[in-house]
Amino acid sequence: MDSQSFEHLTLIEHPVINRDLTILRDVNTSTDDFRSALKRIAIILAYHALKELPLKEFEVETPIEKTTGYDIDQDIIVVPILRAGLGLSDALLQFIPDAKVGHLGMYRDESTHEPVDYYSNIPDGVEDALVLVVDPMLATGGSADDAISFLKKEGAQHLRFISLICAPEGLERIGSKHPDVHTITAAIDEKLNDDAFIVPGLGDAGDRYFGTT
Ligand SMILES: O=P(O)(O)OC[C@H]1O[C@H](OP(=O)(O)OP(=O)(O)O)[C@H](O)[C@@H]1O
Ligand SMILES: O=c1cc[nH]c(=O)[nH]1
Ligand SMILES: [Mg+2]
């Protein structure tokens, strides 16, 4: 198992993902186990999201001789959509410790299901950086669409969206409104229910990650 690539989408497949998604979906999983499982999947998603980064060469001296060394030749800005996005962003920072981090705070209105923005703090340099927008849940796609549109208005030109579970409705929305933004995900679920929750999904990712209700 590895991954399947479609036009705007990469679906990552890995036995650890299957096992950990089951832990995340299980309504009886504790907050502690939920966090651990999400962190493990986040590492696999981060590995794939960073696979094609450009490198620059330089000379490095080992204790034996000079040889060619490499550094990542791309500024990176990680943008978690608060709150649940914070469950994915640390994994990216473990691989790219010098990445800048922007924050976008938004919650879905319970009756309209539309995102409500409450915070934004985006670092300088968004125009040239690879901007990795992270949020575990893509349901209607309203939050991701808002976040991506906002970042484009700020000047972002190279964006990727990293998610844990996507609904077909959200993928359709992001694929048609932002065809330049590639999505990396661990699961494509069946549909949305009448409350715009992903089915089968895992419930409210933010609440389960932070132990709120
Ligand atoms: O695709 P959408 O229909 O917009 O739904 C997805 C959004 O809903 C969740 O956030 P939520 O509003 O629950 O906020 P939280 O992370 O603070 O719990 C999730 O983390 C996404 O941001
Ligand atoms: O299923 C869903 C939909 C939106 N937000 C979540 O956290 N879960
Ligand atoms: Mg939530």
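Below: a short report on this structure. Being a predicted model, the structure only gives us computed values, none of them experimental.

Helices and strands together make up the secondary structure of the protein chain, namely 6 helices and 16 strands. Here the C-alpha atoms of the protein chain give a radius of gyration of 18 Å, agreeing with the 17 Å that 2.2 N^0.38 yields for 213 residues. The dimensions of the protein chain, computed from C-alpha atoms along their principal axes, are 65 × 40 × 30 Å. Within the protein chain, residue pairs in contact and separated by at least 24 positions form 62% of the contacts whose partners lie at least 6 positions apart. By element, 48% of the accessible surface of the protein chain is carried by carbon and sulfur atoms, the whole surface being about 11,100 Å².

This brings us to unusual backbone geometry. For the bond from Leu82 to Arg83, the omega torsion is 0°, close enough to zero to count as cis. Tracing the backbone shows Arg83 in the loop between strand S5 (76-82) and helix H3 (86-95). Residue Val199 is joined to Pro200 through a cis peptide bond whose omega torsion reads 0°. The residue Pro200 is located in the loop between strand S16 (198-199) and helix H6 (205-210) in this model. The backbone of His113 shows a phi angle near 65°, a positive value even though the residue is not glycine. Mapping His113 onto the fold places it in the loop between strand S7 (103-108) and strand S8 (115-121). For His113, a relative accessible area of 18% puts it in the buried group. Even without being glycine, Ala196 reaches a positive phi, approximately 60°. Structurally, the position occupied by Ala196 is in the loop between strand S15 (191-192) and S16. Accessibility expressed as a relative area gives 5% for Ala196, which makes it buried.

Once that is clear, we can look at the site of ligand 2. Close to ligand 2 lie Arg108, Met137, Ala139, Ala196, Phe197, Ile198, Gly203, Asp204 and Ala205. Here Ile198 contributes a backbone N or O atom positioned 2.8 Å from an oxygen atom of ligand 2. Between ligand 2 and the protein, one listed contact pairs an oxygen atom with a backbone N or O atom of Ala205 at 2.8 Å. Protein contacts shield 88% of the accessible area of ligand 2, which totals 240 Å² for the unbound molecule.

The final tally for this structure, using the stated rule, is 8 salt bridges. Residue Lys177 is joined to Asp145 by a salt bridge in which the shortest nitrogen-to-oxygen separation is 2.9 Å. Placement of the pair is Lys177 in helix H5 (residues 168-177) and Asp145 in helix H4 (residues 142-153), with a sequence separation of 32 residues. Classification of Asp145 by relative accessible area gives buried; the value is 3%. It is possible to trace a salt-bridge network through shared partners that takes in Arg19, Asp20 and Arg40.

Another point: the site of ligand 1. Around ligand 1, the surrounding shell holds 16 residues, and the nearest of these are Arg83, Arg108, Asp135, Thr140 and Ser143. Between ligand 1 and Ala84, the relevant distance is 3.0 Å, taken from an oxygen atom to a main-chain nitrogen or oxygen of the residue. A distance of 2.9 Å separates an oxygen atom of ligand 1 from a polar atom in the backbone of Ala139. Starting from 500 Å² of accessible surface for ligand 1 in isolation, the protein chains cover 92%. For the shell around ligand 1, the secondary structure elements donating two or more residues are S7, strand S10 (137-138) and H4. Counting residues per element, the shell around ligand 1 draws most heavily on S7, which supplies 3 residues. Partitioned by chemical class, the residues of the shell around ligand 1 number 7 nonpolar, 5 polar and 4 charged.

How each quantity is defined
Residues numbered from 1 in each chain as written. Chains lettered and ligands numbered in written order. Predicted model: local features only at pLDDT ≥ 70, side-chain atom pairs only at ≥ 80, totals over all residues. Heavy atoms only, no water. Helix = DSSP H or I, 4+ residues; strand = E, 2+ residues; numbered from the N terminus. Rg over C-alpha atoms; globule rule 2.2 N^0.38 Å. Contact = heavy atoms within 4.5 Å. Areas by Shrake-Rupley, 256 points an atom, 1.4 Å probe, with all protein chains shown as cover. Buried < 20%, exposed > 50% of the residue type's maximum accessible area, 1.4 Å probe, protein only. Near = heavy atom within 4 Å. Polar contact = N/O pair within 3.5 Å; in protein donor to acceptor, adjacent residues only side chain to side chain. Salt bridge = Lys/Arg side-chain N within 4 Å of Asp/Glu carboxyl O. Nonpolar A, V, L, I, M, F, W, Y, C, P; charged D, E, K, R; others polar.

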